[in-house]
Structures are given as structure tokens and as C-alpha cells.
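Structural features, examined
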Amino acid sequence: MNNSKSPHILNTSTNLLGFCLIVLTSIKVARFNHATIIDDCTGIAAILLMASCLLSFLSLKSSQTKRGERLELVADYTFLVALICVSITIVFVSFNILS
């Protein structure tokens, strides 16, 4: 089985997950009194990145070729959606949109 994408998805997902956790922590430390769009987008991205990490890891560990390929494909699409959420968060932070 060719797992050429799974290690890259796993590595990048964990790095971006760390970025999301830093953003969430910064929002909490700044003590915003209300939930913001940035908070919501970052939370969604973090959940999707965790799912992508798990799916790519399971793809690497799968002994069945078909299952591994399917898990890798789902991890790939989950990572893409998470990347879109991270991009939206970056736009919101860049333009200082907090509500």
C-alpha cells in the first residue's frame, strides 16, 4: 500500500493543531467576554485537525489496503476543510474582525 500522503497529513495536521490551540489560548488569556467568530472557526478547525490526525494515523496502521486508502482519502478531505477554517481565522485576525 502506498501511504505517501498520510505521513504528510499527520505531520501538518499536528502542527496546525498547535497553532489553533495557541489562538484559542490567546483568546482566553485576553479574556474576551463573548464568543467570537475567530473562537468558533478556530474551534472547528481544531476538531477537524484532530480528526485528520486520527484518520491519517489509522491509515498508516491499517493492515488492509482498501481500508487504508479510504481512511487516507477521508483524512485528506478533512484536512482540506480544516485548512479552509484556519484560513478564514487568519483573515479574521488580519482584519481585526472579532464579532
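In what follows, the structure referred to is the one given above.
Residues numbered from 1 in each chain as written. Predicted model: local features only at pLDDT ≥ 70, side-chain atom pairs only at ≥ 80, totals over all residues. Heavy atoms only, no water.

1. What to know about the overall build of the chain
Looking only at helices and strands, the chain has three helices and zero strands in total. Each helix and strand of the chain, ordered N terminal to C terminal, gives the series α-α-α. Here the chain holds 99 residues, and the buried ones make up 35% of them. Long-range pairs, those at least 24 residues apart, make up 78% of the contacts in the chain between residues at least 6 apart in sequence. Working note: accessible area of the chain is about 6200 Å², and carbon and sulfur atoms make up 66% of it. (Helix = DSSP H or I, 4+ residues; strand = E, 2+ residues; numbered from the N terminus. Buried < 20%, exposed > 50% of the residue type's maximum accessible area, 1.4 Å probe, protein only. Contact = heavy atoms within 4.5 Å. Areas by Shrake-Rupley, 256 points an atom, 1.4 Å probe, with all protein chains shown as cover.)

2. Details of helix α2 (residues 37-61)
The end-to-end C-alpha separation of α2 is 36 Å, in line with the 36 Å expected for 25 residues at 1.5 Å each. For α2, the elements touching its buried residues are α1 (6-29) and α3 (65-94). (Expected span 1.5 Å × (residues − 1).)

3. A word on the side chain of S13
The residue S13 is located in helix α1 in this model. Those residues in contact with S13, other than ones at most four positions away along the chain, are L49, S52, C53 and F79.

4. As for α1
In this model α1 runs 34 Å from its N-terminal to its C-terminal C-alpha over 24 residues, within 8% of the 34 Å that 1.5 Å per residue would give. Looking only at α1, the buried set comprises S6, I9, S13, L16, L17, C20, V23, L24 and I27. Those residues of α1 hidden inside the fold are in contact with α2 and α3.

5. A closer look at a nonpolar patch on the surface
Together, L73, Y77, L80, I84 and I88 make up a nonpolar patch on the protein surface, roughly 470 Å² of accessible area in all. Position of Y77 among the secondary structure elements: in helix α3. (Patch = residues over 30% accessible without salt bridge, like charges linked within 9 Å, V, L, I, M, F, W, Y side chains within 5 Å. Salt bridge = Lys/Arg side-chain N within 4 Å of Asp/Glu carboxyl O.)

6. Describing the environment of S13
The class of S13 is buried, set by a relative accessible area of 0%. Linking S13 and T78, residues 65 residues apart in sequence, is a C-alpha distance of 10.0 Å.

7. Some remarks on the environment of F57
Residue position: F57 is located in helix α2. C-alpha of F57 to C-alpha of L10: the two residues are 47 residues apart in sequence and 6.7 Å apart in space.

8. A word on the packing of α2 against α3
At a closest axis distance of 8 Å, the pairing of α2 and α3 adopts a crossing angle of 160°. For the element pair α2 / α3, the angle class is roughly antiparallel. You can see that α2 and α3 cross each other, and the crossing is left-handed. Partitioned by chemical class, the residues of the contact of α2 with α3 number 21 nonpolar, seven polar and one charged. (Axes fitted to C-alpha atoms, helices over the stretch in contact; angles between N-to-C directions. Parallel < 35°, antiparallel > 145°, perpendicular 65-115°, else oblique. Left-handed = near helix turned anticlockwise from the far one by under 90°. Nonpolar A, V, L, I, M, F, W, Y, C, P; charged D, E, K, R; others polar.)

9. Things to note about the packing of α1 against α2
Interaxial distance between α1 and α2 falls to 8 Å at its minimum, and their mutual angle equals 155°. Classified by the angle their axes make, α1 and α2 are roughly antiparallel. Here α1 runs over α2; the crossing is left-handed.

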